Amino acid sequence: MEKKISTALISVFYKDGLEPLLHQLHQLGVTIYSTGGTQQFITSLGIPVIAVETLTGYPSILGGRVKTLHPSVFGGILGKRDDATHVQEMQQYQIPTLDLVIVDLYPFEETVAATADEKAIIEKIDIGGPSMIRAAAKNFSDVTVVAAKKEYEPLRQLLADQQGMITLAQRKQLAAHAFAIVAQYDAAIAQYFDPQGSTGFVKAIGTSRSLRYGENPHQAALFYGRTEDLFTQLRGKELSYNNLLDIEAALQLIGEFEETCFAIIKHNNVCGVALRPTVFEAWQSALAGDPESAFGGVLVCNRTIDKETAASIQDIFFEVLMAPSFSEEALQLLQTKKNRILLQLVSTKPNQRQFRSALGGVLVQDSDNGNVSEWNQVSGPPCSEATKADLLFANLIAKHLKSNAIALVKNKQLIGKGCGQTSRIDSLRQALEKARQFKFELRGAVMASDAFFPFGDCVEMGHQAGIDAFIQPGGSIRDQDSIDYCKQHQLTLIITGQRHFKH
C-alpha cells in the first residue's frame, strides 16, 4: 500500500548530499522536525523546520546524550495508523505521526580508527540514532526509514517520481537496509569491547558487492569487505571470486619480504618467487621457476614496476598484476589489453585473525605469523650465511603452499614445489619433478617442509637428488630417523619448532 510522506524527522551526522533531499521534501510540503546541528543546517537553507524540543518539552541535555528519547518522538514513529487504540492515544497525548525518519549514526568505527582515546570512542556510541532507526524499521507498514547518506539521493528520486508516495515494498526494503546498518554498527561496538570474540562470533562488515559468480559459474557469490584499504584498481575487468582468493594469497606472501621480491600465485599457491637486486631480475627468476604454471596467474611485487619489467611481463597471459606503484611507461605498456587487472597496493598488513565457514558455523584462528620459533641445527656442518638465507626463504615459501608442502630453493629462487598432496613424500616427488622439468641443478639446493618429516624417506630422497640442507618443524615420534640419516651423510638439518599447515 502506498503512503504519502507528510511529516519527517531528520537528525543526521553526515549532511553532505542532504540538501537536494531537503529541497524535495520542502517542495512536497512535508513538515520537518529536527535537532541540533541538523536543524541549524536546514534553517540555513531557508527551509522551515520544527525543533524536536517543541514535541518533548525538553532541550537536549547531558551534553547531547539525551534529546530524542521521549514518548512524543517514539510514539510518532511506532504508532500504528490502522490501530484505533494507537490513534486515540496519539491524539490524547498530542503526538504527531512521523511518516519519514532520516537518521544516521555517529561515526564509531571511524573514531576507533583515528584515536585510542577511550572517552572519545565511548561518546561516539550512538543511542538515540539506532533506537529511532529500529523503531521506524519495525513500523515499516506506516513509516519510511533512511539510515545512511548513500540513500539520500535514491529517496529523493523516489519522492520526485512518485509525488511523495512510497510503496509498502519500498518501505520494507528500506527497513531491511536499516536493520542491517544497525546490526553492523552494534557488531563494531561489540568487537571493540570484545576483540577476541569470547562472548560470540561478531563481525561488522558493512560494504558488500555482487561478484560475477563464485568459484564456478553456477555459484552465486558476494564479497563483504573494503578492498580499497588494501589496493586501488587502476585498470581491468571486475575482480572475480577466484581473483580475490589469489589476491589474498599474494598479499600474505609478499608481506613477508623486505628485499625486492616478485611472486606468481596460482590457485592460492605460489608457483614462482625470487628475491633479487632489481625488479626485472626478480621477475625473470620467479617466472623461470615454473613458466608453465604462471599462465593465467596473479603477479605481485613489492617494488615499482618499471618499463623493462612491464615489457617482459607483456609476453605472458596473466589475470592480475599488483605492485605499490607503476612507472608511467610501464602503465602505458600494461594498459594495452583492457581486461588485465592492475592493482596499486596500499597495504600488505596481514589480518591478525582469520575466519572461515565450516559445518554451518565459523572457525576463527590467529594468523600464522612468523617463520621459525627456534633455529636448532641437529646435523651437518655450520651453515654458511647463504645457506641459512636460502633455508629461511624456503621455509617461508612452504608456509604459503597448501599442505602437504615441500619447497625447493636455490639462491633465493623457488625451483620446485609440491603442494596439496595427501602424503609428504608425494609432495616431494612433485617438487623434484618440477625442478627437473625446468632443468634446475639440485646440487646446492635446500628443502623446506611445512610440517615434520614422518619418516626418514624425505631426507633420503632429497639427498639422492642432490639436496644437502633441510629445514622442518620437527615433532614426529620418528624425528630421529631423519636426524640419523642426515648425520650419517653430513647433511644440514634444521628443526624450527614451528609448523605451517595451510588448508
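The coordinates are above.
Position numbers for residues start from 1 in each chain and track the written sequence from start to end. Per-residue local features are limited, in this predicted model, to residues with pLDDT of at least 70; the limit for side-chain atom pairs, both in listing and counting, is 80 or more; totals at the level of whole chains, interfaces and linings are taken over all residues. The basis for every side-chain value is the complete set of non-hydrogen atoms in the structure, without hydrogens or water.

**Structural notes on the nonpolar core**
- Working definition of a nonpolar core: buried Ala, Val, Leu, Ile, Met, Phe, Trp, Tyr and Cys residues. They are joined through side-chain atoms within 4.5 Å. For each residue, the accessible area found with a 1.4 Å probe, counting protein chains only, is set against the maximum for its type, and the residue is called buried under 20%, exposed over 50%, and partly exposed in between. Grouped together as the largest cluster of nonpolar side chains are 42 residues, with contacts concentrated most on I247, L253, F257, V273, M322 and I397.
- To qualify as a helix, a DSSP run of H or I must reach at least 4 residues; to qualify as a strand, a run of E must reach at least 2; elements of each kind are numbered from the N terminus. Residue contributions to this core peak at 7 residues, all from helix 11 (residues 241–254).
- The residues contacting L253, other than those within four sequence positions of it, are A263, I265, V270, V273, I397 and H400.
- With 32 residues, the next largest nonpolar core counts Y33, V103, A135 and V145 among its residues. Residues count as neighbours in contact if any of their non-hydrogen atoms are within 4.5 Å of one another.

**Points about the packing of helix 1 (residues 19–27) against helix 9 (residues 152–161)**
- Close contact between helix 1 and helix 9 brings their axes to 9 Å; oriented N to C, the two are set at 25°. By the angle between their directions, the pair helix 1 and helix 9 is classed as roughly parallel. In this structure, helix 1 meets helix 9 at a crossing whose hand is left-handed. Between helix 1 and helix 9, the contacting residues are P20, L21, Q24 and L25 on the first element and Y152, L155, R156, L159 and A160 on the second. In this analysis, axes come from line fits to C-alpha atoms, helices being fitted only over the stretch in contact, and the angle between any two N-to-C directions falls in the range 0 to 180 degrees. Angle categories are assigned with fixed cut-offs, so that under 35 degrees is roughly parallel, over 145 is roughly antiparallel, 65 to 115 is roughly perpendicular, and the rest are oblique. Each crossing gets its handedness from the near helix: less than a right angle anticlockwise from the far helix is left-handed, clockwise is right-handed.

**Side note on the side chain of N243**
- Position of N243 among the secondary structure elements: in helix 11.
- By relative accessible area, N243 is classed as buried at 5%.
- Setting aside anything within four residues of it in sequence, one finds N243 in contact with R212, E238, E319, V320 and I341.

**Some remarks on the sheet that holds strand 10 (residues 231–235)**
- Strand pairing is assigned whenever DSSP detects at least two bridges linking the two strands. Pairing is mixed in the open sheet, where 6 strands are placed in the order 10-15-14-13-11-12. Every interior strand has two partners, whereas the edge strands, strand 10 and strand 12 (269–275), have only one. When strand polarity is set aside, the average angle formed by the axes of neighbouring strands in this sheet is 20°.
- As paired elements, strand 14 (residues 318–323) and strand 15 (residues 341–345) share 4 bridges and run parallel to each other. Directly across from M322, in strand 15, lies its bridge partner L343.
- Those strands touched by helix 11 are strand 10, strand 11 (261–266), strand 12, strand 13 (297–301), strand 14 and strand 15, and its axis lies near 150° from that of strand 11.

**Re a nonpolar patch on the surface**
- Judged by side-chain polarity, F201, F355, V362 and V364 come together as a nonpolar surface patch covering roughly 340 Å² of accessible area.
- Here V362 falls in the partly exposed class, since its relative accessible area comes to 41%. Note that patches include only residues with greater than 30% relative accessible area and no salt bridge, and the join distances are 9 Å for like charges and 5 Å for nonpolar side chains (Val, Leu, Ile, Met, Phe, Trp, Tyr). A 1.4 Å probe and the Shrake-Rupley method give the accessible areas. Residues count as covered only by the protein chains that appear here. Note on definitions: salt bridges are taken to be side-chain nitrogens of Lys or Arg within 4 Å of carboxyl oxygens of Asp or Glu.

**Comments concerning the packing of helix 16 (residues 424–437) against helix 17 (residues 457–465)**
- Helix 17 packs onto helix 16 with a crossing angle of 15° between their chain directions and a minimal axis gap of 10 Å. The orientation of helix 16 with respect to helix 17, classified from their angle, is roughly parallel. Considering how the two elements wind past one another, helix 16 and helix 17 form a crossing that is right-handed. The residues of helix 17 that touch helix 16, namely those facing R424, I425, L428, R429, L432 and R436, are D457, C458, M461, G462 and A465.
- Taken together, the residues of the contact of helix 16 with helix 17 sort by class into 6 nonpolar, 1 polar and 4 charged. Residues were grouped as follows: Ala, Val, Leu, Ile, Met, Phe, Trp, Tyr, Cys and Pro as nonpolar; Asp, Glu, Lys and Arg as charged; and all remaining residues, including Gly, as polar.

**Looking at the state of the cysteines**
- The disulfide definition used here is simple: a pair of cysteine sulfur atoms within 2.5 Å. Throughout the structure, instances matching the rule amount to 0 disulfides.
- No disulfide involves C486; its nearest neighbouring cysteine sulfur is the one of C458, lying 11 Å away.
- Classification of C486 as buried rests on a relative accessible area of 0%.

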